[in-house]
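Architecture at a glance
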Amino acid sequence: MKTAKNKQKSVKSIIKKYDGDKTAMIAILQDVQEEFRYLPKEALSSISKQMEVPLTRIYEIATFYNAFSLKPRGRNLVEVCAGTACHVQGAANLMDRIERDLKICCGETTKDKKFTLEEVRCLGCCSLAPVARISGNIHPNLTQDQIPKVLANYK
Amino acid sequence: MVNFIIDGKKVEAKEGATVLQVARNNGIVIPTLCCHESVAPSGACRLCVVEVKKGKRTRIVTSCLYPVDEGLVVETKTERVMNVRRLVMQLLMARCPESDVLKAMAKEMGIEPQPAFHPETDKGKCVLCRLCVKACEDVVGVSAIGLSGRGKDKKVGPPFVEDSKACIGCGACAYICPTEHIVMEATDGKRKIWGRSFKMQACEKCGRYFAPVDQLKYISQKTGTSLKELAVCVSCK
Ligand code: SF4
Ligand code: FES
Ligand code: FES
């Protein structure tokens, strides 16, 4: 776990990397999210203070894009594709199964902080439908039965 | 100066003026929600649409943003314009079925809410025009409220939906909101807005509560006027 002080330090260095450029706000938030796996409230407040951008503006950006999360995410992000192709190939069943196996609903994080489950729209590999992306890895042609095994690899 | 025609009338206007400004100066009524003289227009509500003809092309534009131009032909009440306005009105009413302001506007335009537009129940009276946000940022200068989320979840309020530390309780947002979405409650010596309660300053001469203490502090900090001087209301000065 990062201490509050360390957090402050990494936020500072991220801002410095972009020379405090206000137009780079999205990139800065992406980096912060990469660092903490979500956007901590204190981080947003300190970006606001250091860059002299109102917190309301930052909050607007952070809540607009799906890629940003204001809630802590687990170590592994499970993204089930619900794009058209995957939807037709039974994405809903996959989601169902993962929800049951992880005992969480879409959008939630497991108690042990290992997994966060989210739904996304089209991962750009429709020919492999239905797909899920776990910690950045694409799992093609997924079936419900494969899920326990796939998840076990990330535990 | 540019010359153009609006509703069949030849008019002259300053370059850079918007069609809406010129229309109003010439006594032509165009309904608007999101246009206010103290902040820049944004074209959010779409009620102010008119038809403009330039060369051979006729199109529908928002008059609050469209600049006048030499030889332009503007029509503000054609059937095409009215159809767009009626549709916009239906959508606004479906979003905010409780808004009396919208109801009154609709009545004036002779519009009844149609069942095809299913009314929302959780949006309050906010049409997401952003006027309050801009007033708070550009006029007041504190940026206590903003928009968040997107699509059907977009809403206005302080960040993280909690008491805003930046808010000074001035009430500019409630004043500028065209649909009366923002509620400001005043009880003896207290004002409540955005879920936060503000202590009011009583005038040192007449005793009337006239402004939140936080607002006076903000003014004092900005202008360098002492709090003591600010503790007297305008009418007693
Ligand atoms: S609260 Fe009022 S002023 Fe603010 S965005 Fe909504 S309708 Fe516009
Ligand atoms: S729809 Fe799932 S990858 Fe395109
Ligand atoms: S007044 Fe022009 S779009 Fe609202």
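Keep in mind that what you see is a predicted model, and the values were worked out from it rather than measured.

**Concerning the overall build of chain A**
In terms of helices and strands, chain A carries 7 helices and 4 strands. Ordered by position from the N terminus, the helices and strands of chain A form the series α-α-α-α-β-α-α-β-β-β-α. When its C-alpha atoms are laid out on the principal axes, chain A stretches across 50 × 30 × 25 Å. For chain A, the proportion of its 155 residues judged to be buried stands at 44%. In chain A, the proportion of contacts linking residues at least 24 apart, taken out of those at least 6 apart, comes to 57%. Surface accessibility of chain A: about 9,000 Å² in total, with carbon and sulfur atoms responsible for 50%. Of the side-chain charges in chain A, 25 are positive and 17 negative, and the distance between the mean point of each set is 6 Å.

**A closer look at the layout of surface pockets**
All names here are of chain A. Taken as a whole, the largest pocket holds about 970 Å³ of empty space. Forming the boundary of the largest pocket are 30 residues, of which Asn66, Phe68, Ser69, Arg73 and Glu118 lie nearest the centre. Along the lines of polarity and charge, the residues of the lining of the largest pocket split into 9 nonpolar, 11 polar and 10 charged. There are two domains that each give the lining of the largest pocket at least three residues, and those are domain 1 (4–64) and domain 2 (76–152).

**Thoughts on the site of ligand 1**
Taken together, 13 residues are adjacent to ligand 1, and B:Cys126, B:Cys129, B:Arg130, B:Cys132 and B:Cys177 come closest. Per-class residue counts for the shell around ligand 1 are 10 nonpolar, 2 polar and 1 charged.

**Overview of the state of the cysteines**
Following the criterion strictly, the structure yields 0 disulfides over all chains and no others. With no disulfide of its own, A:Cys125 has A:Cys86 as its nearest cysteine by sulfur position, at a separation of 6.7 Å.

**Quick notes on the sheet that holds strand β2 (residues 9–13) of chain B**
Residues and elements named next belong to chain B. Read across the open sheet, the 5 strands follow the order β2-β1-β5-β3-β4; overall the sheet is mixed. The open sheet has two edge strands with one neighbour each: β2 and β4 (57–62). The sheet shows a mean angle of 30° between the axes of neighbouring strands, direction not considered. The pairing of strand β1 (residues 2–6) with strand β5 (residues 73–75) spans 2 bridges and is parallel. Bridging across to β5, Ile5 finds its partner in Val73.

**Focus: the interface of chain A and chain B**
Interface size is commonly expressed as the accessible area that is lost once the parts come together. Contact with chain A, which involves 12 residues of that partner, is made by 14 residues of chain B. Of the roughly 1,300 Å² buried between chain A and chain B, counting both surfaces, carbon and sulfur atoms make up 57%. Looking only at chain A, the three residues that lose the most surface to chain B are A:Thr56, A:Tyr59 and A:Glu60, adding up to 44% of its buried area. Taken together, chain A and chain B are joined by 3 salt bridges. For B:Glu137, the salt bridge is made with A:Arg57, and the minimal N-O distance between the two is 3.1 Å. Linking chain A with chain B are 6 residue pairs in polar contact (both at pLDDT 80 or more), by the criterion used here. If you list the elements that add at least two residues to the side of chain A that touches chain B, you get α3 (41–51) and α4 (55–64) of chain A. Among the elements that take part in the side of chain A that touches chain B, α4(A) stands out by supplying 7 residues, more than any other. Residues that form the side of chain A that touches chain B fall into these classes: 6 nonpolar, 3 polar and 3 charged.

**Looking at the packing of helix α1 (residues 4–17) of chain A against α3(A)**
Residues and elements named next belong to chain A. Their axes nearest at 10 Å, the elements α1 and α3 cross at an angle of 45°. The pairing of α1 with α3 is recorded here as oblique in orientation. Here α1 and α3 pass one another in a crossing that is right-handed. Contacts from Lys7, Gln8, Val11, Lys12 and Ile15 of α1 reach α3 at Glu42, Ala43, Ser46, Ile47, Gln50 and Met51. Its residues placed into classes, the contact of α1 with α3 shows 5 nonpolar, 3 polar and 3 charged.

Rules used throughout
- Residues numbered from 1 in each chain as written.
- Chains lettered and ligands numbered in written order.
- Predicted model: local features only at pLDDT ≥ 70, side-chain atom pairs only at ≥ 80, totals over all residues.
- Heavy atoms only, no water.
- Helix = DSSP H or I, 4+ residues; strand = E, 2+ residues; numbered from the N terminus.
- Buried < 20%, exposed > 50% of the residue type's maximum accessible area, 1.4 Å probe, protein only.
- Contact = heavy atoms within 4.5 Å.
- Areas by Shrake-Rupley, 256 points an atom, 1.4 Å probe, with all protein chains shown as cover.
- Lys, Arg positive; Asp, Glu negative; His and termini not counted.
- Charge placed at Lys NZ, Arg CZ, Asp CG, Glu CD.
- 1 Å grid on protein atoms, 1.4 Å probe; cavity = no way out; pocket = protein on both sides within 12 Å on 5 of 7 lines; lining within 4 Å.
- Points joined across faces, edges and corners; volume = space filled by probe spheres on them.
- Nonpolar A, V, L, I, M, F, W, Y, C, P; charged D, E, K, R; others polar.
- Domains from an automatic or database assignment.
- Near = heavy atom within 4 Å.
- Disulfide = S-S within 2.5 Å.
- Pairing = 2+ DSSP bridges.
- Axes fitted to C-alpha atoms, helices over the stretch in contact; angles between N-to-C directions.
- Buried area = accessible area lost by both parts, 1.4 Å probe.
- Salt bridge = Lys/Arg side-chain N within 4 Å of Asp/Glu carboxyl O.
- Polar contact = N/O pair within 3.5 Å; in protein donor to acceptor, adjacent residues only side chain to side chain.
- Parallel < 35°, antiparallel > 145°, perpendicular 65-115°, else oblique.
- Left-handed = near helix turned anticlockwise from the far one by under 90°.

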